[in-house]
Structures are given as structure tokens and as C-alpha cells.
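# Secondary and tertiary structure notes
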Amino acid sequence: MIWLGIESSCDETACAVLEQGDKVRVLSNPLYSQIQEHAVFGGVVPEVAAREHLKKIYGIASEAIKMAGVTFSDIDAIAFTAGPGLMGPLLVGASFARGLALDLGVPAYGINHLEGHLAAAWLSAQDLKPPFLTLTVSGGHTELILEEPGFKYTAIGRTRDDAAGEAFDKCGKLLGLGYPAGATIGKLAVGKNRKFHHFPRALKGKADAEFSFSGLKTAVLRYVESRSTEYIQENLGDICASLEESIVDILVSKTVWALKKTGMKTLVVGGGVSANMRLRELLEKYCLPRGIRLCFPERSLSTDNGAMIAAAAIRREKEHALLNIENVKPWMPLAL
Ligand code: KG4
Ligand code: ZN
């Protein structure tokens, strides 16, 4: 069975072709990133994003088909991101998916974006079966959710304000690193002094899985304001390492708390921030000696892409739990 996956919830127009046999294979996964269109504004402008998706989506879908060595008529089913995300961009993806599905005479299924992020990890561990604990860390979400059979989700905890990726991006902007800044901070931090400055770790000592990152942004603002530009530039690597440590430290300590609380022996991580090497390193350090199975997406599949959306649909197809557009609730996060 050949699937076309379409992702357009934010600033990436992404399509992928996946082959579902005994194992699922990603045949192609191209995307167009709108970073340049939004860079001048320092963040994603929903209107601009929707227009760019409209311009690019057919071209990216055609590219995915061509790269996979198939034709549009080989497509058996389409999966698209139904939400959560920006309304205009979501509408472009959904309309394109439904129009194409009608034309090809195949079904189109709406997929929850966060379920997509977790399915990216499943692609590398296809024997994975719930129950397990999930950590979703992206530009819009930071949540610890228990997944049980039948796609039953229970929220263990989530952020009260900013998401982890948002914290990377906003703090990076204050340090003059452009948008998005997560990957840049990760690169600059390699081999640098993580103890150079102690940035705050909100709610760390609290026995729960609640996160808060908005105070960190203020702390970085005060830090930057009270030092010269030269000082920041000279010590940029150490500052990035300290900042990364404060975000990752919180993510790991709350995840450890949730693992103990739920007694889960498997942890599945997804979302753009799951590309972070320090997060991977510290979670491995905790999980491996304790026999806890740790599933990450391939790094290239951590950030938004079309393959994760098709993968999520395939996971649901295997369980006869696919949702068509009439019964998806685009505004719903995984667990409320
Ligand atoms: O999942 P994603 O592509 O989009 C959303 O669904 O939000 O995540 C994007 C986020 C951005 O905030 C970006 O800065 C962050 O993921 N990110 C990283 C890294 N790569 C991307 N954060 C930390 N380290 C990275 N290597
Ligand atoms: Zn995402």
C-alpha cells in the first residue's frame, strides 16, 4: 500500500511517500521550509505561511511522487495534518489533500500533528506497542502523555506557558541567533562550558510534570541587558551551553518523575527539540542502565515532515482506528 503524507501546520510544506508492507519504508520525504519568508519578522506570520503553502504544495507533492519512483495513480491513501496548528496553513493542506483524494478516488485521513511526531519515532522501532510514556517537545508543545492501547492518551503534565522549542527560539533571538534558534544553540553548545552561567530551572523541585519556560526568557533578557555585546559574543558558546543545559535539565527531570510515577518501561520522544543531542544524551544516560527502552525519531525526522504524518496514519490503519475528516477535531491536542 502506498501512502502520501502531507504536513502544513506551520512553516514547512512537506510531503512524503511511504510504502506499507511487512515493514514501513519511507520512499521520499521532501519539504520546503519557509524560514526565509519569516526571518525578517523574527517568527512565523500565519498569513504569509498560508500563502506560501498554497504556492508550494503541489510542487512538493509532485517532487515526493517523483523521488519515490511512483506516479499519482499509485497512491492508495492520503494522510494530512488536521491540527493542532495555524488555521490558514492547515486549511491549505487539508483542501489539497481532499481535492487530490477525490480526484484519485482514494481516502484522505486527518492526523493529529503530535501523534505524527511520535509516529516518527515508531518508524525506527516498528515493533513498539503501547503502553508507553511519551514526551513531545516542539515549537508549540511540551507535554508528557501516557499512551495506552487504542490510542488512549492521558496527560501526565505539560507546559503552563511557553514550549521548550519556543524557549530555545525566544532566548536565541535575544542572543542574536535568528529564527528558529534551537538547532543553532545545540551546535554552538557542543564542547562548551554548561556551568558557565546558571539559568533558572522553573518548577524543578516540584513533584509533578508541569513545565514553565516563560521566566527563562526574562532571565536571558536581563542577562543580555546587563552585559556588553562584546562579552556576549566572546562567550556565546558557553552561554548557549548553559542555556541548553537549563532547558534540557528540566525536560529530563520532569520526564524521570513521570517515568517513576507511571512505572512505564518505554519512553517515546518526538518533536523538533528531540533532535537535540544533549537531550538524547541525558535521557539515554538515565534510561539505558535502568532497562528503560528509549525511542527517538531519526534526527532528520524530529522536525516537521510529511513522513511522520503518513506514519501516524499507518499506525492507526493497523489498529483500524483511522479518522476521516468528518470526525477529526483539528483543534484538539493529544490529551486534554
Ligand atoms: O516539531 P517542530 O519542527 O515544529 C513544531 O511542531 O513546533 O519543532 C520546531 C522546534 C523549534 O522551536 C526549533 O528551535 C526546535 O524545534 N529545534 C531544536 C533543535 N532542532 C529544532 N531545539 C533544540 N535543539 C535542536 N537540535
Ligand atoms: Zn511539529
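Quick notes on the rules
Each chain carries its own residue numbering, running from 1 in the direction its sequence is written. The naming scheme follows written order: chains are lettered A onward, ligands numbered 1 onward. Where local features are concerned, this predicted model is filtered to residues with pLDDT of at least 70; where side-chain atom pairs are given and counted, the filter is 80 or more; whole-chain, interface and lining totals use all residues. Side-chain metrics rest on all non-hydrogen atoms present in the structure, leaving aside hydrogens and water. Note on method: axes are straight lines fitted to C-alpha atoms, helices fitted across the in-contact stretch only, with angles between N-to-C directions ranging 0 to 180 degrees. By the criteria applied, helices consist of DSSP H or I runs no shorter than four residues and strands consist of E runs no shorter than two, each listed in order from the N terminus. Take the far helix as the reference: if the near one is turned anticlockwise from it by less than a right angle, the crossing is left-handed, and if turned clockwise, right-handed. Any two residues whose heavy atoms approach within 4.5 Å at even a single point are treated as in contact. Only nitrogen, oxygen and sulfur atoms within 2.8 Å of the metal, or 3.2 Å for Na, K and Ca, are treated as donors, and water is left out, so sites may look incomplete. Burial classification: accessible surface area is computed with a 1.4 Å probe over protein chains only, and a residue below 20% of its type maximum counts as buried, one above 50% as exposed, and the rest as partly exposed. In these notes, a set of buried Ala, Val, Leu, Ile, Met, Phe, Trp, Tyr and Cys residues joined through side-chain atoms within 4.5 Å is what counts as a nonpolar core. Note on aromatic pairs: the rings of Phe, Tyr and Trp (six-membered ring only in Trp) are paired at centre separations within 6.5 Å, and the planes decide the class, stacked below 30 degrees, edge-to-face beyond 60, tilted for the rest. By the criterion adopted, a ring carries a charge over it if an Arg CZ or a Lys NZ lies within 6 Å of its centre and within 35 degrees of its normal. Should a side-chain nitrogen of Lys or Arg be within 4 Å of a carboxyl oxygen of Asp or Glu, the pair is scored as a salt bridge.

### Things to note about the packing of helix α6 (residues 182-189) against helix α9 (residues 236-262)
Orientation of α6 relative to α9, taken along the N-to-C sense of each, is 115°, at an axis distance of 8 Å. You can see that α6 and α9 cross each other, and the crossing is left-handed. Facing α6, whose interface residues are Ile185, Gly186, Leu188 and Ala189, α9 presents Leu236, Gly237, Cys240, Ala241, Leu243 and Glu244.

### Re the coordination of the zinc ion (ligand 2)
Coordination sphere of the zinc ion (ligand 2), protein contribution only: His113 (NE2), His117 (NE2) and Asp304 (OD), at 2.0 to 2.1 Å. For the zinc ion (ligand 2), all donor residues lie on one chain, and their spacing in sequence is H-x3-H-x186-D. Note that His113 is positioned in helix α4 (residues 113-122) and Asp304 in the loop between β11 (293-295) and α11 (306-318), a separation of 191 residues in sequence. Taking relative accessible area as the criterion, His113 reaches 6% and is therefore assigned buried. According to the relative accessible area criterion, Asp304 is buried, its value standing at 13%.

### Let's talk about the nonpolar core
Membership of the largest hydrophobic core comes to 47 residues, with the highest contact counts inside it found for Leu175, Leu243, Ile247, Leu251, Leu267 and Leu283. Those elements that place two or more of their residues in this core are β7 (132-137), β8 (142-148), α5 (164-174), α6, α7 (214-225), α9, β10 (266-270) and α10 (277-287). Ranked by residue count, the leading element in this core is α9, at 13 residues. Listed in part, the 34 residues of the second largest apolar core include Val24, Tyr109, Leu123 and Phe132.

### Some points on the packing of aromatic side chains
Within the structure shown, the criterion is met by 5 aromatic pairs. Ring centres 6.0 Å apart and planes at 40° place the aromatic pair Trp3 and Tyr109 in the tilted group. On the criterion of sequence distance, the pair formed by Trp3 in strand β1 (residues 2-7) and Tyr109 in strand β6 (residues 108-112) is long-range, its members being 106 residues apart. Tyr109 carries the same exposure label as Trp3, and that label is buried. A cation over an aromatic ring shows up here: Lys56 above the ring of Tyr32, its NZ or CZ 4.3 Å from the ring centre. The ring of Phe151 is capped by Arg316, whose NZ or CZ atom sits 4.3 Å from the centre of that ring.

### Remarks on the pattern of salt bridges
Counted under the stated rule, the structure contains 22 salt bridges. Linking Glu148 and Lys152 is a salt bridge whose minimum nitrogen-to-oxygen distance equals 3.2 Å. The shortest N-O distance in the salt bridge between Glu166 and Lys170 comes to 2.8 Å. Residue Glu166 and its partner Lys170 are located together in helix α5, separated by 4 residues, close to a single helical turn. Residues joined by salt bridges that share partners form a network here, namely Arg194, Glu244, Glu245, Arg278 and Glu281.

### Some thoughts on the environment of Leu251
Along the polypeptide, Leu251 turns up in helix α9. Between the C-alpha atom of Leu251 and that of Glu143, which follows or precedes it by 108 residues, the distance is 9.6 Å. When neighbours within four sequence positions are excluded, Leu251 is seen to be in contact with Val137, Thr142, Ala164, Phe211, Phe213, Val273 and Leu279.

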